[in-house]
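Understanding the architecture of this molecule
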Amino acid sequence: MELYFNCPVTDKLFSSKYYALQKGFRVVDVPGHVRKIEGWVELTKPCPLCGVKHRYEAGDVLCPLAGGIDEK
């Protein structure tokens, strides 16, 4: 599944299927929500916009299944 990320160098949104959830993550119950992941997501291939492998807090990653992302 592709997720959406914001490149911190170009400040532009891109999608990628090349990412990994880093060790030490946890799933927590949030009142009024189902669950949320706390931890870090790292690109496993360089960013297509700037060529750097970025690391993101899980909450900063956008999932198209959650809504709010216009499909291409």
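Here the structure is shown first, and the text comes after it.
Residues numbered from 1 in each chain as written. Predicted model: local features only at pLDDT ≥ 70, side-chain atom pairs only at ≥ 80, totals over all residues. Heavy atoms only, no water.

Now for the overall build of the chain. Assigned secondary structure in the chain consists of 0 helices and 7 strands. Along the chain direction, N to C, the helices and strands of the chain fall in the order β-β-β-β-β-β-β. The buried share of the chain, reckoned over its 72 residues, is 24%. Contacts in the chain between residues far apart in sequence, at least 24 positions, make up 38% of those at least 6 positions apart. Carbon and sulfur atoms form 52% of the exposed surface of the chain, whose accessible area is close to 5400 Å². (Helix = DSSP H or I, 4+ residues; strand = E, 2+ residues; numbered from the N terminus. Buried < 20%, exposed > 50% of the residue type's maximum accessible area, 1.4 Å probe, protein only. Contact = heavy atoms within 4.5 Å. Areas by Shrake-Rupley, 256 points an atom, 1.4 Å probe, with all protein chains shown as cover.)

By secondary structure assignment, the location of Gly59 is in the segment after β7 (55–57). The sequence separation of Gly59 and Val41 amounts to 18 residues, and the corresponding C-alpha distance is 9.3 Å.

Here we come to the pattern of salt bridges. The tally for this structure, following the rule as stated, stands at 2 salt bridges. For Arg26, the salt bridge is made with Glu38, and the minimal N-O distance between the two is 2.8 Å. Separated by 12 residues along the polypeptide, Arg26 in strand β4 (residues 26–28) and Glu38 in strand β5 (residues 36–38) bring together distant segments of the chain. Through salt bridges with shared partners, one network takes in Arg26, Lys36 and Glu38. (Salt bridge = Lys/Arg side-chain N within 4 Å of Asp/Glu carboxyl O.)

For the rest of this paragraph, the subject is the state of the cysteines. Scanning all chains against the criterion turns up 0 disulfides. Cys7 carries a free sulfur, and the closest cysteine sulfur to it, the one in Cys50, is 3.7 Å from it. Cys7 sits in the buried class, given a relative accessible area of 0%. Cysteine Cys47 is unpaired, with the sulfur of Cys7 as its nearest cysteine sulfur at 3.8 Å. (Disulfide = S-S within 2.5 Å.)

Take it as geometry only, folks, not as evidence of what the structure does.
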